[in-house]
Amino acid sequence: MVDIEKIKEQLNFLKKGVEHLIEEEDLLNKLKKGKPLTVKVGFDPSAPDIHLGHTVIMRKMKHFQDLGHKVIFLIGDFTGMIGDPSGKKTTRPQLTKEEVLKNAETYKKQAFKILHPEKTIIDFNSRWLSNLGAEGFIRLASKITLARVLERDDFTKRWNAKEPIGLHELLYPLAQGYDSVFLKADVELGGRDQLFNLLIGRNLMKEYGLEPQVVMTLPLLEGLDGKEKMSKSLGNYIAVEDPPEEMFGKILSISDELMWKYYLLLTDLSPKEIEEIKNKCQKGYMNPKDAKIELALKIVTDFHSKEEAEKARENFERRFSKREIPVDLPPMEYKYEPEILFCKFLKDLNAISSVSEARRLISQGGVEIEGEKVTNPEIKLKDLNLKEFSLRIGKKKFLKVKLC
């Protein structure tokens, strides 16, 4: 007999951090059947390195694994050669088969730092898409209209701007959707920018007479700057393979506000547990810095070990107590604008809440560059004559900056 209360408890656990859930009632009914669900997540390995932003979905995959469900880590070696156009303003360059497979091997190695290897099914969508053939693709294409495909926000913008859209790009959502048909997926996970593609899969399954998959999307994780999506190209990322001390230092550099999103998306703590820590900080029972240290310990432990995480903390606290700038603190990249005021520059870095606060702190001698106090609030970036330098803001905030 199905324990409804236990099923609802599992549903709440799976909903943690989820942005879209279509439909919740469908997922509840699937869970009530008491059978392991087939959970599909597709990865097009267009780049070999994984950062913490990528692991948000992997952690949700692990949550399904923890509850006994079948998780398919689907490597899009076929769709990767098309290039997912989601969120892109231009056509993505197509990768060769060799590039995709090479990147896929790196992906698998890094993904197993989160996923249970023995509970993860690795598959490649070329196994069925390569055999579909021209006739099969024509039949597949008949299941959807051009108008429906052009509803995608990125396609619409490019169409209205008279920017080119390759015909192969229009096939991408269909190919991804057919993956769900072939695998008879119960659930498909993706980032919020994947919503359209995931819904196409849901629609195609109906067309093929199958029970439609549940669609779950996860938020995109902001990087160290607290503004833009975590990205290697923006330099605001934390790589899965960063050394323990570097990873620890990067996590300690995020804002107090962003910390709670990292807790939600990058740990296995329940929303209730996270809320308890947050309340302690808000009521003054816990220093936000200590909460951030606990977050860093959890994340570094996941990707390295508990011993290495503790060692990273000890090194951080030793440097912090001596008011030393951590030597391995990664630099934040900032576009060089010579005429910008230094106080405005500090605000743009999210190092200080406002320009007026920056002026006040500089006037009081609370800002140091390379160990030397800055006392002139009217100084400009060009006056520093530095390309990469360390900053101390107040007594507790340390930054390294690289001007690009």
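Everything below is about the structure shown above.
Residues numbered from 1 in each chain as written. Predicted model: local features only at pLDDT ≥ 70, side-chain atom pairs only at ≥ 80, totals over all residues. Heavy atoms only, no water.

Peer 1: How should the pattern of salt bridges be read in this particular structure?
Peer 2: Between side chains of opposite charge, a pair can form when the charged atoms approach closely. Counted under the stated rule, the structure contains 25 salt bridges. Residue Lys 62 pairs with Asp 268 through a salt bridge whose shortest N-O separation is 2.9 Å. One end of the pair, Lys 62, is in helix H3 (residues 52-66); the other, Asp 268, is in the loop between helix H12 (256-266) and helix H13 (271-282), and 206 residues separate them in sequence. Residue Lys 62 is classed as buried on the basis of its relative accessible area, which comes to 14%. A residue is classified by how much of its surface remains accessible, and Asp 268, at 31% relative accessible area, is partly exposed. Among the salt bridges present, the one from Lys 344 reaches Asp 348, with a minimum N-O distance of 2.9 Å. Here Lys 344 pairs with Asp 348, and both are found in helix H16 (residues 342-348), just four residues apart, close to one helical turn. A residue is classified by how much of its surface remains accessible, and Asp 348, at 22% relative accessible area, is partly exposed. By sharing partners, the salt bridges in this structure join Arg 59, Lys 62, Asp 66, Asp 268 and Asp 302 into a single network. (Salt bridge = Lys/Arg side-chain N within 4 Å of Asp/Glu carboxyl O. Helix = DSSP H or I, 4+ residues; strand = E, 2+ residues; numbered from the N terminus. Buried < 20%, exposed > 50% of the residue type's maximum accessible area, 1.4 Å probe, protein only.)

Peer 1: Teacher, can you tell me more about the pairing of strand E2 (residues 38-43) here?
Peer 2: Both faces of the sheet carry side chains from a regular strand, because those side chains alternate between them. Of all six residues that make up E2, five are buried, and the element is covered over most of its length. Where E2 meets strand E5 (residues 187-191), two bridges bridge the pair, whose relative direction is parallel. Across the sheet, the residue bridging to Lys 40 is Glu 188, located in E5. (Pairing = 2+ DSSP bridges.)

Peer 1: How should I be thinking about the packing of aromatic side chains in this particular structure?
Peer 2: Two descriptors summarise a pair of aromatic rings, namely the distance from one centre to the other and the angle between the planes of the rings. In total, this model carries seven aromatic pairs according to the counting rule given. Taking 6.1 Å as the distance between ring centres and 65° as the angle between the ring planes, the aromatic pair formed by Tyr 178 and Tyr 208 counts as edge-to-face. Linking Tyr 178 in helix H9 (residues 167-183) with Tyr 208 in the loop between helix H10 (195-207) and strand E6 (214-218), this pair joins segments that are 30 residues apart in sequence. Seen in terms of ring centroids, Phe 345 and Phe 389 are 6.2 Å apart; in terms of plane orientation they differ by 50°. Their pairing is tilted. Of this pair, Phe 345 sits in helix H16 while Phe 389 sits in strand E10 (residues 388-393), placing them 44 residues apart in sequence. This pair shows no difference in class: Phe 345 is buried, exactly as Phe 389 is. A network of ring pairs unites the aromatic residues Phe 342, Phe 345 and Phe 389 as a single cluster. Positioned above the aromatic ring of Tyr 208, the side-chain terminus of Lys 143 is 4.9 Å from the ring centre. It is Lys 250 that lies over the ring of Tyr 237; its NZ or CZ is 4.8 Å from the centre. (Phe/Tyr/Trp six-rings, centres within 6.5 Å; stacked < 30°, edge-to-face > 60°. Lys NZ or Arg CZ within 6 Å of the ring centre and 35° of its normal.)

Peer 1: Even after reading the chapter, I still don't get the sheet that holds strand E9 (residues 372-373), so can you show me in this structure?
Peer 2: One open sheet accounts for five strands, arranged E7-E11-E10-E8-E9; its pairing is mixed. Each of the sheet's edge strands pairs with one partner strand only, and the pair in question is strand E7 (332-334) and E9. Summarising the sheet, strand E8 (residues 367-369) and E10 pair through three bridges and their orientation is antiparallel. Residue pairing across strands places Glu 368 opposite Arg 392, the latter belonging to E10.

Peer 1: Got a minute to help me understand the pairing of strand E11 (residues 397-403) in this structure?
Peer 2: Of all seven residues that make up E11, five are buried, and the element is covered over most of its length. As paired strands, E7 and E11 are joined by three bridges and run parallel to one another. Bridge pairing links Tyr 334 to Leu 403 in E11. Pairing of E10 with E11, which is carried by six bridges, proceeds in the antiparallel orientation. Bridging from a neighbouring strand, Phe 389 pairs with Val 401 of E11.

Peer 1: Help me out: how do you make sense of the side chain of Ser 253 in this one?
Peer 2: Its location among the elements puts Ser 253 in the loop between helix H11 (244-252) and H12. Non-local contacts of Ser 253, meaning those with residues more than four positions away in its chain, are made with Leu 224 and Lys 397. (Contact = heavy atoms within 4.5 Å.)

Peer 1: Looking at this structure, how should I read helix H1 (residues 4-15)?
Peer 2: In an α-helix, one turn spans 3.6 residues; hence positions three or four apart end up facing the same way. In a regular helix each residue adds 1.5 Å, so twelve residues correspond to 16 Å; H1 covers 16 Å between its end C-alpha atoms and thus fits that length. Taken residue by residue, H1 has Ile 7, Gln 10, Leu 11 and Leu 14 as its buried positions. Down the axis of H1, the smallest arc covering the buried residues is 105°, so these residues share one side. Every exposed residue of H1 that faces more than 90 degrees away from the buried side is listed here: Glu 5 and Glu 9. Of the surrounding elements, those touching the buried residues of H1 are helix H2 (24-32), H3 and E6. Between a side-chain oxygen at the N-terminus of H1 and the backbone nitrogen of Glu 5 the separation is 3.2 Å; the capping residue is Asp 3. Downstream of H1 by one or two residues, Gly 17 has phi in the positive range, about 75°. (Expected span 1.5 Å × (residues − 1). Arc of directions from axis to C-beta. Polar contact = N/O pair within 3.5 Å; in protein donor to acceptor, adjacent residues only side chain to side chain.)

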